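# Tertiary structure, described
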Amino acid sequence: MATPVVTKTAWKLQEITAHSSNVSSLVLGKSSGRLLATGGDDCRVNVWSVNKPNCIMSLTGHTTPIESLQINANEELIVAGSQSGSIRVWDLEAAKILRTLLGHKANICSLDFHPFGSFVASGSLDTNIKLWDVRRKGCIFKYKSHTQAVRCLRFSPDGKWLASAADDHTVKLWDLTSGKVVFEFTGHSGPVNIVEFHPNEYLLASGSSDRTICFWDLEKFQVVSCIEEEATPVRCVLFNPDGCCLYGGFQDSLRVYGWEPERCFDVVLVNWGKVADLSICNNQLIGVSFAQSTVSSFVVDLSRVTKSGLVPHGLLRNNKLLAQPTPTGSSLRRIYDRPSTSCSKPQSRVKHNSESERRSPSSEDDRDEKESRAEIQNPEDYKEIFQPKNAISRTPPRISEPFPAPPEDEPVTAKEAAKPNQAVEAQTPLPKQELPEPSQRPPTASSTPVPRAEPLVIPATRNEPIGLKASDFLPAVKNQSQTELVDEEIMSQIRKGHKTVCMVLTNRHKNLDTVRAVWSTSDIKNSMDSAVGTNDLSIVVDLLNVINQKASLWKLDLCTVVLPQIEKLIESKYESYVQTGCTSLKLILQRFLPLITDILAAPPSVGVDITREERLHKCKLCYDQLKNIRNIVKNKSGLSGRHGSDFGDLHVLMAMLE
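So, on to the pairing of strand E6 (residues 66-71). Burial of E6 is extensive: 6 of the 6 residues sit out of reach of the surface. Counted along the chain from E6 to the antiparallel partner strand E7 (residues 77-82), the turn is 5 residues long, and its residue Glu 75 has a positive phi close to 60°.

Set out below in structure tokens:
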């Protein structure tokens, strides 16, 4: 009798090169879990079918990098917001631009489609939220209450509320009819990045940079519970379709949570890096992530994941077992009153009228149509997905086959290794003909090992060491026929430089111990002085990464020490150093720039005030250092990619220095 094959709980499905430049945003279709849209610094939106290597459609028209994407419920419309603040809506079935929406003054950070009507909500770095009518091409409401960038928007399942999460540490619940804030939730101590409604109950989940996930009761307007002490901030969340649990996407892991009481049911290790979006289909969770120009998709088999406390394994909280609570049902909380009509009816009505309302005969619309195109790069997949012969069933189908799970010990095959290259070639689709010989092919940016120079900027996450070749560790073979090497020769080559590396790491460890000792016996400023005194930027980065987690630790005298180091960090060739420098600079600008400018603008005091003089001296130091940094930020704000966007945000914040 054959032994049953043990399959993996989580596995990598595919890796593609999605754009000719860095990927800046992506989103999964929540209805089928099979539709993927990616936005890049090349100002394009590419549409893909999950687990297929070819791009189905490429949408053009934006002139700045894509910052945010969203697909509507029936996966017929897609909206994209850009760095300049413009929004474009495409009809995927008609393969054409539907609307161009202008009004925001800065980056579009978040978008969401209304579950029933043809409305789109947008949140921006300019702190405003706008509600747009896609049919009439206009903003019908503007919501102003947040004081910093709006990072996430979600409509409630009944379409009556809009939840917004922002960098000002708040989650706001808006009534769409009155345009007023129903309630403001203020339980987070850091920027709130994600918010999600429960599919049935009056419950809202929010995730923050303070590494907490909070659950809010929307009937009593109070916190239900809060998940704390996670190692990294949650990057995306998704409720199970039946509402039994919440899935949290973290760096290289998926966590399954309950909220009454708060507990972690399960942790699944998934090597997806910084996961960007989640979707569920066929009892499988699909997760997608991106790094530079590459997009990777992963699958988690939910049948092998613990979703509730009714299991013999018990519950996990802080990696410790908890007693099983009494099971609680959805009857504890009010249920959404959805409209009597189904979601498809309003959508079909809008689609029926859209032929006459989709375009108003203006010269601006004609110009948009010329500038914006939907380039169908794979006609067969396009017709199969968006124009099926049988109008009742769509592909990706509503009920599609689950992705087959590979065996637990399955090695990486040559076919899998070749997938990235195939995806690159799919970016420039060729007619159906014989492919040219490798020697005749034009060079493409792929993962094929070709001789290349070390990059100017070393990315924070990479799959291979920069400039490291296995051949460098082996002695040169003088005689080509000689294939065997003596073990001693190989070991001697490998040991070369080993002592130097050990000395560097040992010295760094000593420096960190020194900084830690100063921290435990003195204040944070002295700890930073100690870190700066080591003349090792990596020590400064390590300390800043800790301080950045808690904004309340920052003081004005600390800024005078940190700002010169930030100037070095943002000009570093290491991406992680630049990221840390940008985060610290943003905290300083948000917390201290208004104070600095007010003190410098205040008239001189009468008499001698030593405390005020000291504060004035610190403000002058910070102001001069910020002016030096402003020139660097201004030059780098024009760069493309994620750093260009970060420096653009900083440039806006530094406008008070003009």
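That was the structure; now back to the text.
Moving on: helix H10 (residues 556-569). The terminal C-alpha atoms of H10, which comprises 14 residues, lie 20 Å apart, in line with the 20 Å expected from a rise of 1.5 Å per residue. Burial of H10 is extensive: 10 of the 14 residues sit out of reach of the surface. Among all positions of H10, only Leu 556, Leu 558, Cys 559, Thr 560, Val 561, Val 562, Leu 563, Gln 565, Ile 566 and Leu 569 are buried. Tucked inside the fold, the buried residues of H10 contact helix H8 (524-533), helix H9 (537-547), helix H11 (575-601) and helix H12 (610-636).

The next thing to look at is the environment of Thr 560. Within the fold, Thr 560 resides in helix H10. On the basis of relative accessibility, which here comes to 16%, the residue Thr 560 falls in the buried class. Sequence spacing of Thr 560 and Tyr 623 is 63 residues, and the spatial spacing of their C-alpha atoms is 9.4 Å. Those residues in contact with Thr 560 that lie beyond four places of it in its chain are Lys 618, Leu 621, Cys 622 and Gln 625.

For the structure on display, the rule yields 11 aromatic pairs. Consider the rings of Phe 183 and Phe 221, whose centres lie 5.3 Å apart with planes at 20°: the pair is stacked. Linking Phe 183 in strand E17 (residues 180-185) with Phe 221 in the loop between strand E20 (213-217) and strand E21 (222-227), this pair joins segments that are 38 residues apart in sequence. For Phe 183, a relative accessible area of 30% gives the class partly exposed. Judged by centre distance (5.2 Å) and plane angle (50°), the ring pair of Tyr 574 and Tyr 577 falls under tilted. The exposure class of Tyr 577 is buried, given its relative accessible area of 16%.

If you walk through the whole model with that rule in mind, you get 9 salt bridges. Here Arg 154 and Glu 196 are joined by a salt bridge, their closest N and O atoms 3.2 Å apart. Taken as a pair, Arg 154 in strand E14 (residues 150-155) and Glu 196 in strand E18 (residues 192-197) lie far apart in primary sequence, 42 residues in all. Judged by its relative accessible area of 17%, Arg 154 falls in the buried class. Judged by its relative accessible area of 15%, Glu 196 is buried. Ionic contacts of the salt-bridge type, sharing partners, join the residues Arg 151, Asp 167 and Lys 586 into one network.

Cut-offs applied
- Residues numbered from 1 in each chain as written.
- Predicted model: local features only at pLDDT ≥ 70, side-chain atom pairs only at ≥ 80, totals over all residues.
- Heavy atoms only, no water.
- Buried < 20%, exposed > 50% of the residue type's maximum accessible area, 1.4 Å probe, protein only.
- Helix = DSSP H or I, 4+ residues; strand = E, 2+ residues; numbered from the N terminus.
- Pairing = 2+ DSSP bridges.
- Expected span 1.5 Å × (residues − 1).
- Contact = heavy atoms within 4.5 Å.
- Phe/Tyr/Trp six-rings, centres within 6.5 Å; stacked < 30°, edge-to-face > 60°.
- Salt bridge = Lys/Arg side-chain N within 4 Å of Asp/Glu carboxyl O.

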